[in-house]
Amino acid sequence: VSSTEFNFSSGTLPVIQTQFDNVEKGNVEKALKIVFKDYKAKVSAMKDAEDEYLVSEFLLESNQKKSKGKFKITASNGNATLYSHFANEESVISEEKTPTEINNYKKIVKDIANKSVKLVYDELIEKQKNDIKSQRKKINQAKKNQESQHKNISKYTSSIKNSEQKIESLSQSLSTQE
């Protein structure tokens, strides 16, 4: 998490920049919506700018100021970057203009980051559970096949014994006829 500036579709604004390793844009977008749902704020995609979102007014408990946000999510090689711009009823939030207040907004960004990573882990866990389920099915099928093979082995063994007995019987019959 670092403070910088970013060129949104509406111009350059101060932002809190968050980079994610192995987190896709979709996970960051979901996390953004989940976190702001807790603030009872609506996240809406900007129609004229791809992967840019506006957050309607929300109230921070720590300072009781109505705030709003603008976000941009970019991606490169499976790694997402979130640019978060905030403003409240008094000012634009930045390290320079609001050095103490920015920490309240960094907390929101950290919540989004943590939720994004959690979503990735949830997906990985779900995939692992599905893989385990699939492997268990294969094991059960292999056990059934093994049981079937054991039954076949028993049948073949019994058939061989019967054939050996017939051969013995025929051999005896043949020797008595000589």
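Heads up: the structure comes first, above all this text.
A few points on the structure.

## Quick look at the layout of surface pockets
Estimates place the volume of the largest pocket at around 160 Å³. Around the largest pocket sit Asp38, Tyr39, Leu59, Leu60, Glu61, Ser62, Asn104, Lys107 and Ile108, which together line it. Counting residues per element, the lining of the largest pocket draws most heavily on helix α2 (residues 102-177), at three residues. A class-by-class count of the residues in the lining of the largest pocket yields four nonpolar, two polar and three charged.

## A word on the environment of Phe58
Its place among the elements puts Phe58 in strand β4 (residues 52-59). In this structure the C-alpha to C-alpha distance between Phe58 and Ser76, which are 18 residues apart in sequence, comes to 30 Å. Sequence-distant contacts of Phe58, defined by excluding residues within four places in its chain, comprise Phe36, Tyr39, Ala41, Lys65, Lys66, Ser67, Lys68, Gly69, Phe86, Tyr105 and Ile108.

## Some points on the pairing of strand β2 (residues 11-19)
Across a regular strand the side chains alternate sides, sitting on one face of the sheet and then on the other. In this sheet, β2 lies alongside strand β1 (residues 2-8) in antiparallel orientation, the contact comprising seven bridges. The residue of β2 that forms the bridge with Ser3 is Ile16. Connecting the antiparallel pair β1 and β2 is a turn made up of two residues. Pairing of β2 with strand β6 (residues 79-88) involves four bridges; the strand directions are antiparallel. Within β6, the residue paired with Gln19 across the bridge is Thr81.

## What about α2?
Across its 76 residues, α2 extends 110 Å between first and last C-alpha, which sits within 8% of the 112 Å expected from 1.5 Å per residue. Taken residue by residue, α2 has Ile102, Tyr105, Lys106, Ile108, Val109, Ile112, Ala113, Ser116, Leu119 and Val120 as its buried positions. On its buried face, α2 sits against β1, β2, α1 (25-38), β4, β5 (66-76) and β6.

## Concerning α1
In a regular helix each residue adds 1.5 Å, so 14 residues correspond to 20 Å; α1 covers 21 Å between its end C-alpha atoms and thus fits that length. Taken as a whole, α1 has its buried residues at Asn27, Val28, Ala31, Leu32, Val35 and Phe36. Angularly, the buried residues of α1 cover 155 degrees about the axis, an arc narrow enough to put them on a single face. In this structure, the buried residues of α1 make contact with β3 (43-45), β4, β5, β6 and α2. Phi turns positive one or two residues past the end of α1, at Lys40, with a value near 55 degrees.

What counts and what doesn't
- In this numbering scheme, every chain counts its residues from 1 along its sequence in written order.
- A pLDDT threshold of at least 70 governs which residues receive local features in this predicted model, and a stricter bar of 80 or more applies before side-chain atom pairs are shown or counted, although totals over entire chains, interfaces and linings include all residues.
- The basis for the side-chain values is all heavy atoms of the structure; hydrogens and waters are excluded.
- The pocket and cavity definitions rest on a 1 Å grid over protein atoms only: a 1.4 Å probe that fits but cannot leave marks a cavity, an open set with protein on both sides within 12 Å along at least five of seven lines marks a pocket, and residues lining either have an atom within 4 Å of a point.
- Grid points are joined across faces, edges and corners, and a volume is the space filled by probe spheres set on the points.
- Labels follow the DSSP assignment, with helices taken as runs of H or I lasting at least four residues and strands as runs of E lasting at least two, numbered in each case from the N terminus.
- Here the nonpolar group is Ala, Val, Leu, Ile, Met, Phe, Trp, Tyr, Cys and Pro; Asp, Glu, Lys and Arg are the charged ones; every other residue, Gly included, is treated as polar.
- Any two residues whose heavy atoms approach within 4.5 Å are treated as being in contact.
- Two strands pair under a simple rule: DSSP has to find at least two bridges between them.
- Expected helix span is given by 1.5 Å per residue-to-residue step, counting one fewer step than there are residues.
- Type-normalised accessible area, obtained with a 1.4 Å probe on protein chains alone, sets the label of each residue: buried when under 20%, exposed when over 50%, and partly exposed for intermediate values.
- Each direction from the helix axis to a C-beta atom contributes to the arc, which is the arc of those directions.

On their own, these measurements won't tell you what the molecule is for.
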